[in-house]
Each structure stands twice: as C-alpha cells, then as structure tokens.
Amino acid sequence: MALRYRPDAGCFFLGEDPLALLRRLPGLLALELSPRLPWPEPAQLDPYACNLEILALTLEAPDALRQLFRFVADQCVLAEVPATAPGNETTGGETTGNETTGGETPGGRRPDARTPARPLRVEPARIEALAARLGALAVTGNALAPLVARAAALDPALGRDLAERQAAIGRLVAELDGMVAGLRRLPLSRSFRRLPALARETAARLGKEATLEMAGEALEADRAIVEGLYEPLLHLLRNALDHGIEPPAERQARGKPPAGRLRLAARRAGERLEISLSDDGAGLDPERLRAAARARGVAGAAAMDEAALHALLFTPGFSTAAGVSDISGRGVGMDAVRAAIAALGGHVALESRKGEGTTVRLSLPQAAALRALLLLRAGGEELAVPVEAVAETLRLPAARILPLAGLPGEAAAFVLRGRTVPLLDLGALLGLPRRAEGAAVTRVLVTAGARPVGLAVEAFGRRLDAPLRPLDGLMAGMPGLLGTALDDEGRVRMVLDLPELTR
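The sections below set out a description of the structure shown in this document.

**So, the packing of helix α7 (residues 195–205) against helix α8 (residues 223–244)**
1) Next: Two elements in contact, α7 and α8, have axes whose closest approach is 10 Å; the angle formed by their N-to-C orientations is 30°. By the angle class used here, α7 and α8 are roughly parallel. α8 is crossed by α7, and the crossing has right-handed handedness. Where α7 abuts α8, its residues Leu195, Leu198, Ala199, Thr202 and Ala203 lie against Tyr230, Leu233, Leu234, Leu237 and Leu241.
2) Next: Looking at the contact of α7 with α8, its residues break down into nine nonpolar, one polar and no charged.

**Brief notes about a positive patch on the surface**
1) Next: A grouping of Arg23, Arg190, Arg193 and Arg194 is seen on the molecular surface, where their side chains present a positively charged patch.
2) Next: Inspection of the secondary structure puts Arg194 in the loop between α6 (189–192) and α7.

**With respect to the pairing of strand β3 (residues 52–58)**
1) Next: Sheet analysis places strand β1 (residues 2–5) next to β3, joined by four bridges and oriented antiparallel. The residue bridging Tyr5 from the neighbouring strand is Ile54, located in β3.
2) Next: Taken together, the seven bridges between strand β2 (residues 28–35) and β3 define a ladder with antiparallel strand orientation. When the bridges of β3 are listed, Ser34 appears paired with Glu53.

**Quick word on the nonpolar core**
1) Next: Ranked by internal contacts, the top residues of the largest apolar core, which has 45 residues, are Leu229, Ile275 and Leu362.
2) Next: Not counting residues up to four positions away in its chain, the partners in contact with Leu229 are Leu188, Ser191, Ile275, Ile341, Leu344, Leu362 and Leu364.

**Description of α7**
Because an α-helix completes one turn every 3.6 residues, residues spaced three or four positions apart along the sequence face the same direction.
1) Next: Within the span of α7, buried status applies to Leu195, Pro196, Leu198, Ala199, Thr202 and Ala203. For α7, the angular spread of buried residues about the axis comes to 160°, placing them on one side. Opposite the buried face of α7, by more than 90 degrees, sit the exposed residues Arg200 and Ala204.
2) Next: For α7, the elements touching its buried residues are α6, β6 (210–215), α8 and β8 (260–269).
3) Next: Once α7 ends, the next one or two residues include Gly207, with phi positive near 70°.

Each value, and the rule that gives it
- Residues numbered from 1 in each chain as written.
- Predicted model: local features only at pLDDT ≥ 70, side-chain atom pairs only at ≥ 80, totals over all residues.
- Heavy atoms only, no water.
- Axes fitted to C-alpha atoms, helices over the stretch in contact; angles between N-to-C directions.
- Helix = DSSP H or I, 4+ residues; strand = E, 2+ residues; numbered from the N terminus.
- Parallel < 35°, antiparallel > 145°, perpendicular 65-115°, else oblique.
- Left-handed = near helix turned anticlockwise from the far one by under 90°.
- Contact = heavy atoms within 4.5 Å.
- Nonpolar A, V, L, I, M, F, W, Y, C, P; charged D, E, K, R; others polar.
- Patch = residues over 30% accessible without salt bridge, like charges linked within 9 Å, V, L, I, M, F, W, Y side chains within 5 Å.
- Areas by Shrake-Rupley, 256 points an atom, 1.4 Å probe, with all protein chains shown as cover.
- Salt bridge = Lys/Arg side-chain N within 4 Å of Asp/Glu carboxyl O.
- Lys, Arg positive; Asp, Glu negative; His and termini not counted.
- Charge placed at Lys NZ, Arg CZ, Asp CG, Glu CD.
- Pairing = 2+ DSSP bridges.
- Core = buried A, V, L, I, M, F, W, Y, C linked by side-chain atoms within 4.5 Å.
- Buried < 20%, exposed > 50% of the residue type's maximum accessible area, 1.4 Å probe, protein only.
- Arc of directions from axis to C-beta.

Structure follows, in structure tokens:
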C-alpha cells in the first residue's frame, strides 16, 4: 500500500506527532519526506508549523493503516500498489558484519566479566510471537486433563503420575507467563507525560485557563494498552477543553475559579485497568444535544432521556461544534475514541451533569499472555470468569436464601458472615434461561470487591490457565464480556466481565 500523509500545519500544537505515527507503521518499505510548500527564507520560517508531505510504501493491509491513522484520516490518502515481479524482493533476516561468534568481540578479545552487560533490544514483534506460542503451549497443556482422567480410570497409579507431570508443566507455563508479561509491561507515564503541556497549549489557543492533575501514572500495563491509549486520551482532553471548560469570565460569573480543573487518574479494579478523565466545566446540555439530534434527523430525539442523548455522542459524525476548527468539528468524534478503546479490548462510559462537569471512564484489560479462569455453567451455557473477580464459591442451602418482597423480579439475598449480600441468577442476568427452582442447595459465586454480589450458577468446573482472546467484529466492546478462551476440551467459552455485569 502507498500512503500520502499531509499533516496539518498546526499539528504540533494538537499533540499530533507525524514521525511517531510513522515509527508505528509496520512493514515499511520506503519513505520520502518533502516540503508541502516551498521553504521560506530563514527569517520568515515558523519552526512550529509543520510543512511536510510524507510518502510511504508499506506491506501493511489497508484496514490496519486506516486504524493507525484514524485520528488524522482527513490528512491521508491510501492507494494500492501492484506487487513487484518475482526476483526483485529483498530477503529478510540478513546479518551484519558486526555480529560475533563464540563470545568474542570484533577485535578477537573476549569481554571482561566485570564489564556491565549492555541492554538487549528486542523487537516487539518477537515478544508478541513468544506470547502467542506461550498461549498455544497453555492450550496444549490444558488438553492433557481429559487424557489424564482416562488414564486414571484404567490405571490409577499411571493417572497419578501423569497428573503430577501435568501439574509440573502448568507451573512452568505459569512462570513463563509471568516473564512474558513482564517483558510487555510499560508504565502509563509513557502516554500520560505529554498531556500536561498539550493541555496548557490548547487552553491558551482557546483563550481559557486550565490545569491537568494526574494520578496513577506509575501503574504498568501491557505495551499495546499503553501505546494505544495516547490518541484516545488526547482526543478526550481536547473535547474537555473545547466543549467542557468555560472561558475565565464565564466561570467567575458562575462562582467557579477562573482556571478549569481536569483530572486524569488510573487505578486497578480487580483484573481491569480503569482510567478516568474528569473536568469541572459546563457539563453536557441535554437540550443542546437534543437540538443537534433533531438537526441530524435522529428519530425520537424529542423523547430521549439523558442517557440516550449521551449515547448519541458515540455516533459517527455526531458533533455539537458550531464550526470547523483545528480542534473540533472535523467529523472525528467520540466514535473514534470508542473504536480505539474497543480495539484494545475495553469500553467507554460517560457521566455528566449540566453546570458541574463531565467524566469519561475507560475500562481496559490488564492484558497478560495467560489468564486464570474459573469454568462454570449458567443458563445452560458453558462460560468462564477470571479467578481474580471471584472472592469465594459457596453451596448455599435453600433455607439461607431470603426472598426480598416489594422488588421487581425474583430478588433475593443471603447473609454471609454477618453481612447481607444480594443474590442474582447469572443466567437471567445474561438473558439466558433461569436455573431450575427447588434445589436443596444453590451453587453461588461471590464477586470480589467492596460490594460483593452473589451469583447463582448451575455448576462449577475446574480452574484453567488459558490465553484470553479479545472480542472483535460485531462483538468488540460488548459490555459484560472480556473475550473468549479455549477450555481443556477445545470448546470456546465466553469470559464474563463480572464487575460490569453487577455494576
């Protein structure tokens, strides 16, 4: 594919880094940088204006290119280039003349053992390949469980020996998983650190005052999560400054300090990473959203409640900007943010109160090569949940389940160590058939967290360490689901997001 990228002249002030985008471009074959306009005299040169036209030739697929350049799509043109004739390719993997063998230096000397070891640079693609092979190894190890059970039925002694060997393989796979996860982790500060300066510059261009506070930037996450967060956060920051924070005079008239306050915070929530960006600005005006919906011909706009109006912000092309500027109104809206977060296996939630401010929450997986899962059955379906989201499992006698009168549905609760815990049917929560009533004992899963919830299920299975595959296509970003995993019999199981389901 051929790419022509003409960055906006003011892209540096918007936090866009054309060369950083190019560094993330895989399969790059050729690159040419030239001035978009003739260079002016040195005395008239503006060092803060981008005057580049970038031409690139890459092996990457068109969809992947559109995903990478989605926030500057109006500045890019793609064209397909026919493949080169056979015999003109260059072979990869060639070594350079600087390689040494036998542990010797180019001069024939062996390195001094007291010399500190230099860091070894490893291409990210190799780490990703290692993680993929580790996942395949884990799936193969899990497939041994049914074979061990069959062997134990024929020869108990042989079954015990095989079970011990399988457990040893599981421990080694778990150790490898920790090592691979450590190689892939980066601090969130890699994405956060550029945002305060960009917030000051953008606020100054808008004639506003704002400060950005950050918390949790030292937390580490998977490299793909950290690198993929910057552009969505940048877009959310621009939105908050352009649409949320009011001009100083307007803020003072409302009894607010002249400088707006933005807060970017990250924290771990069980097996998820939660990032929030909040502002103390004007908040979303439901009537203004309703007017914009009417102007775009949205059916039923007059009867929409606030939640439905907020959901319109994630519709492609929907914007409340009065005009087009280099900050807003270019048709790249919150739908691009949602698509970027969904591509990372996460989802976006928005809360706003008129006159008080807006908070956007991003919930993302802490991607590791393998996840510890608990297998279970609910609503007639074979499912799985992360072990980290489970506080305990119970066999609850029917006498301990207390129906709650006056509430819709079959609401119930039970007392656990002096604390009343609500009880929900997991199958019904997922829209599946409810479990059969009248059982003497109910199997209950209790969720982890400050506000535990009991979930009634039909059966529990074994614990499984398996790679979690993120959802894609129509199911990408679907609430209540983290992804899929293969169990020890090779069946695909949906992995549930318990905090989202019980929120």
